[in-house]
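Topology and contacts: notes
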Amino acid sequence: MTCHYSSRNWANIAKLADNTKAAATKLLKWAEQEKIDVLIYETLRSKAQQEENVRKGASQTMKSYHLVGQALDFVPAKGTAVNWNGYDEPSMKRFVAQAKLLGFQWGGDWKSFIDKPHLEYPHRGYGSDTFSGTVAHSTATVASVKNSAPAGNSLSVVDYMKSIGLDNSMTNRKKMGGESRDFQLCWNCCAKSSTPCLFKSGTEQNGSCKSGQSEV
Ligand SMILES: [Zn+2]
């Protein structure tokens, strides 16, 4: 039984730079063998997206490893449900340990801006990884790679929060990133569209929110 998000995960990994993609491929193969479910919801990010993230306070740098295809964001999953509060679960600790073994650095280890969904691959430094053997010297190159990538239904937290009209300030982002246990995303009964609803923890039934209900 493969992870519900397997095809989306592989489509997102395909967008990464070469060496990062190789490491992420090993990581996801390992996770699938170990039956550890995750959703890799974002990998390569455009300059415009990153500018928006910085403006909203969801990111603090224009030197994001996402811009150069050397980072991925993941969230623990169980079937169709994702759990933004699940990063401390034993299976996720194993997943992160395996990622580090493969050369990734984890945003959950950072001191000033804890970013639990984030894994980045330093390779030989920022922007050092290649796309089909060519170093992406400009963001234009990155953008063209992104445009030619298969259309995945990648959904970032920020995009998601925007889609439900929620202010994606750090306060709200922390709620979703596991700093608070107040909210969960429901990908189960509300996932007919690409915008699942956000609901208050404790109001779920069988791991999903009460049908179609959004409490925000
Ligand atoms: Zn990230």
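Reading guide: rules and limits
- One numbering rule holds for all chains: residues counted from 1, following each sequence as written.
- It should be noted that, the model being predicted, local features are given only for residues of pLDDT at least 70 and side-chain atom pairs only at 80 or more, the latter also being counted only at that level, while totals for whole chains, interfaces and linings use all residues.
- All axes here are fitted lines through C-alpha atoms, helices being fitted over the stretch that makes contact, and every angle between N-to-C directions spans 0 to 180 degrees.
- By definition, any uninterrupted DSSP run of H or I lasting at least four residues is a helix, any uninterrupted run of E lasting at least two residues is a strand, and each is numbered from the N terminus.
- Roughly parallel covers angles under 35 degrees, roughly antiparallel covers those over 145, roughly perpendicular covers 65 to 115, and oblique covers all other angles.
- We call a crossing left-handed when the near helix sits turned anticlockwise from the far one by less than a right angle, and right-handed when that turn is clockwise.
- Once C-beta atoms are placed from the backbone, any two residues with those atoms within 7 Å are in contact.

The name given to the chain in an unreviewed UniProt entry is L-alanyl-D-glutamate peptidase, and the organism recorded there is Listeria floridensis FSL S10-1187.

Helix packing for two helices is described by the angle between their axes and how far apart those axes are. Between helix 1 (residues 6–13) and helix 2 (residues 18–33), the shortest axis-to-axis distance is 10 Å and the interhelical angle comes to 165 degrees. The angle between helix 1 and helix 2 falls in the class roughly antiparallel. Our pair here, helix 1 against helix 2, has a crossing hand that is right-handed. Where helix 1 approaches helix 2, its residues Ser 6, Asn 9 and Ile 13 are matched on the opposing element by Lys 21, Ala 24, Thr 25, Leu 28 and Glu 32.

Moving on, we get to the environment of Tyr 121. Counting through the fold element by element, Tyr 121 comes out in the loop between strand 5 (118–120) and strand 6 (130–131). On a C-alpha basis, the gap between Tyr 121 and Thr 20 in space is 5.9 Å, while along the polypeptide they are 101 residues apart. When residues no more than four places from it in sequence are discounted, the contact partners of Tyr 121 are Asn 19, Thr 20, Ala 23, Gln 70, Gly 103 and Phe 104.

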